[in-house]
Amino acid sequence: MLLNLLLQITTTATPADSAAATTGAAGAPESVSLFDLAMAGGWAMIPLLLLSIVGIYIFVERLLSLKKAQAASSMRFVDRIKNMVLAGDINGAKLLCAQTNTPVSRMLQKGISRLGNPLKDIEAAIENVGKIEVSNLEKNLSTLATVAGAAPMLGFLGTVTGMIQAFIAIAQAEGSVSPKLLSSGIYEAMVTTAAGLIIGLPAYVGYNYLVSKIDKIVHAMEYSAIEFMDLLQEPQL
């Protein structure tokens, strides 16, 4: 009789446990992949993707170029040039500048090639080369700044169009409005805003980082030009 009672308890508890398990499984939120979120962003995700590619390319390309320019802008290079000029090894100084191939070396090479001319002419030649080198250092930085500003604005535009779609769905719905009906518009509104900020913020930080590195290189160029001109004005020359 005890065995029959236990069997009845087990049989009664099993449907309840099954129902609870089913309810728990149904109540668990479904995970959404990153790709699905991007697809839900709508048309604005395409130009945002292009902006992200352009921003990454410009940042990496400029970073490598500036590191190369900064590596050879050391005092040791300037000192070697000064020693060669003082020793009268003008051809060796020109060769060293040509082999180094950096903004500072190109400036000094132009100055060395003008030796024998008045100091004002040498200084003007160095300044002209310096302006060209600074322009080359700042290449495509304006585009990176555009990416930093345009990406959030484009994300906000996607937000506006997404909310418009949501309100259109509300206006066209008959009777009660279901959350599923509004989900596509709200998805587009939120996803594009997040994507625009995710792209714009790193681009803005990267732009300022590159500008700071350019300032350091320009300072080294100015210092090298001053050192070279002071060398030419020394009495022993």
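Cut-offs and rules
Residues numbered from 1 in each chain as written. Predicted model: local features only at pLDDT ≥ 70, side-chain atom pairs only at ≥ 80, totals over all residues. Heavy atoms only, no water. Salt bridge = Lys/Arg side-chain N within 4 Å of Asp/Glu carboxyl O. Helix = DSSP H or I, 4+ residues; strand = E, 2+ residues; numbered from the N terminus. Buried < 20%, exposed > 50% of the residue type's maximum accessible area, 1.4 Å probe, protein only. Core = buried A, V, L, I, M, F, W, Y, C linked by side-chain atoms within 4.5 Å. Contact = heavy atoms within 4.5 Å. pLDDT = per-residue confidence, 0-100. Phe/Tyr/Trp six-rings, centres within 6.5 Å; stacked < 30°, edge-to-face > 60°. Expected span 1.5 Å × (residues − 1). Arc of directions from axis to C-beta.

Caption draft 1: Representation of the pattern of salt bridges. Counting across every chain of the model gives three salt bridges. With a shortest N-O distance of 3.0 Å, glutamate 227 and lysine 82 are connected by a salt bridge. Here lysine 82 lies in helix H4 (residues 75–86) and glutamate 227 lies in helix H9 (residues 179–232), a separation of 145 residues in the sequence. As far as the burial class goes, glutamate 227 and lysine 82 line up, both buried.

Caption draft 2: Structural view of the nonpolar core. Core analysis: the largest hydrophobic core is formed by 43 residues, its most contacted members being Leu48, Phe77, Ile81, Leu108, Ile126, Leu137 and Phe228. Ranked by residue count, the leading element in this core is H9, at 14 residues. Contacts of leucine 108, omitting those with residues within four sequence positions, involve Phe77, Ile81, Cys97, Ser224 and Phe228.

Caption draft 3: Summary view of the confidence of the model for the chain. Looking at the chain as a whole, the pLDDT averages 77, with 72% of positions reaching at least 70. Taking the mean pLDDT of every element in the chain, the minimum, 42, falls on helix H1 (residues 2–27) and the maximum, 90, on helix H7 (residues 119–137). Under a pLDDT of 50 for its full length, residues 1–29 has, in the predicted model, zero contacts with residues more than four places off or in other chains.

Caption draft 4: Representation of the packing of aromatic side chains. Considering all chains together, one arrives at one aromatic pair under this definition. Both rings, one in phenylalanine 59 and one in tyrosine 209, keep their centres 6.5 Å apart while their planes meet at 45 degrees; by these two values the pair is tilted. You can see phenylalanine 59 sitting in helix H3 (residues 45–71) and its partner tyrosine 209 sitting in helix H9, a full 150 residues away along the chain.

Caption draft 5: Highlighting the environment of methionine 163. Note on placement: methionine 163 falls in helix H8 (residues 141–172). Sequence separation between methionine 163 and isoleucine 186 is 23 residues; the distance between their C-alpha atoms is 6.3 Å.

Caption draft 6: Structural detail: H7. Here H7 is 19 residues long and its end C-alpha atoms lie 27 Å apart, about the 27 Å a rise of 1.5 Å per residue gives. Buried within H7 are the following residues: Ile122, Ala125, Ile126, Val129, Gly130, Glu133 and Leu137. Burial along H7 is one-sided: seen end-on, the buried residues are contained in an arc of 135 degrees. Of the exposed residues in H7, those oriented more than 90 degrees away from the buried face are Lys120, Lys131 and Ile132.

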